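Secondary and tertiary structure notes
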Amino acid sequence: ALPRASLDTVGVRLPAGARLNYNIAMRDTNGRLRSVGAMLDGKPAFLNFVDYTCNTLCGTDLMLLSDAIQRAGLAPGTFHILVVGIDPKDSVADARKMEVAEIPPAVRASTLFLLPDAATVARTTGALGFHYAYDRDADQFAHPAIVYTLAPDGSVRSLLSPLALTAGDLRQALAGSAAAPFH
């Protein structure tokens, strides 16, 4: 129901040298405030922006990423999955419901579900060139389906489509040899 002008703004326009600032902090589902540096903890990460109450693709994106991780045989503890909620109205219960529904137990130990405030959402999405639009009538977001692969320093290694992930894509992305980000 969004007007064409709003939909035309949706997409990923990765800034040159895109990276998450180590000092950006977000609350996790346990209420703990965590900085990006502490969350990465010297490891690469996959980052997804989601709406925890989404009734279309957000959960599917996470399920596809989790499945690809398991197919790739990636060892827990060698990477993180950062799931960043884009709707500050969403609750801890909403995030936990999505976690249980979409992330298999074998992958959960490597996953952090985050509930940033509106200003932190804006800083994080801005740093990574993630553009979305909010539909007030439907209380849903139009946004790209994308998985960011982050280096341990928070820089973007690659952008991957969750709808076409392969085990090889994930292994290459974590090794730092993924193809250049697509736009």
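Cut-offs applied
Residues numbered from 1 in each chain as written. Predicted model: local features only at pLDDT ≥ 70, side-chain atom pairs only at ≥ 80, totals over all residues. Heavy atoms only, no water. Helix = DSSP H or I, 4+ residues; strand = E, 2+ residues; numbered from the N terminus. Buried < 20%, exposed > 50% of the residue type's maximum accessible area, 1.4 Å probe, protein only. Polar contact = N/O pair within 3.5 Å; in protein donor to acceptor, adjacent residues only side chain to side chain. Pairing = 2+ DSSP bridges. Axes fitted to C-alpha atoms, helices over the stretch in contact; angles between N-to-C directions. Contact = heavy atoms within 4.5 Å. Arc of directions from axis to C-beta. Phe/Tyr/Trp six-rings, centres within 6.5 Å; stacked < 30°, edge-to-face > 60°. Parallel < 35°, antiparallel > 145°, perpendicular 65-115°, else oblique. Nonpolar A, V, L, I, M, F, W, Y, C, P; charged D, E, K, R; others polar. Disulfide = S-S within 2.5 Å.

**So, the environment of Asp117**
Residue placement: Asp117 occurs in the loop between β6 (111-114) and α6 (118-127). You can call Asp117 partly exposed: its relative accessible area is 45%. Residues Asp117 and Ala25, 92 residues apart in the sequence, show an inter-C-alpha distance of 9.8 Å. Within polar-contact distance, the side chain of Asp117 engages the backbone nitrogen of Thr120 at 2.7 Å.

**Regarding the sheet that holds strand β10 (residues 147-150)**
Strands sit in the order β6-β5-β4-β10-β11 across an open sheet of five strands; the sheet is mixed. Every interior strand has two partners, whereas the edge strands, β6 and β11 (156-160), have only one. Going from strand to strand, the sheet's axes swing by 20 degrees on average, the running direction of each strand aside. Contacts from helix α7 (residues 167-175) reach β4 (45-50), β10 and β11, with the element oriented near 165 degrees to β11.

**Details of the side chain of Thr149**
Looking at the element boundaries, Thr149 is found in strand β10. Overall, Thr149 belongs to the buried group, its relative accessible area being 0%. Once residues lying within four places of it in the same chain are set aside, the contact partners of Thr149 are Ala45, Phe46, Ser155, Val156, Arg157, Ser158, Leu160, Ala173 and Leu174.

**Quick look at α7**
Among the residues of α7, those classed as buried are Ala167, Leu170, Ala173 and Leu174. Relative to the axis of α7, the buried residues are bounded by an arc of 135 degrees and lie together on one face. Two residues or fewer after α7 comes Gly176, characterised by a positive phi angle close to 85 degrees.

**Quick notes on the packing of aromatic side chains**
For the structure on display, the rule yields five aromatic pairs. Ring plane angle 35 degrees and centroid distance 5.8 Å describe the contact between Tyr52 and Phe113, whose orientation is recorded as tilted. You can see Tyr52 sitting in the loop between β4 and α3 (58-72) and its partner Phe113 sitting in strand β6, a full 61 residues away along the chain. In this structure Tyr52 comes out as buried when scored by relative accessible area, which is 6%. For Phe113, a relative accessible area of 2% translates into the label buried.

**Some details on the packing of α3 against α7**
Here α3 crosses α7 at 80 degrees, and the two axes come no closer than 8 Å. The orientation of α3 with respect to α7, classified from their angle, is roughly perpendicular. Residue-level inspection shows Leu65, Ala68, Ile69, Arg71 and Ala72 of α3 in contact with α7, the latter providing Ala167, Leu170 and Arg171. Split by residue class, the contact of α3 with α7 holds six nonpolar, no polar and two charged.

**Remarks on the state of the cysteines**
Scanning all chains against the criterion turns up zero disulfides. Not engaged in a disulfide, the cysteine Cys54 finds its nearest cysteine sulfur in Cys58; these two sulfurs lie 3.6 Å apart. Residue class for Cys54 comes out buried when judged on its relative accessible area of 19%. Cys58 gets classed as buried once you look at its relative accessible area, which sits at 1%.

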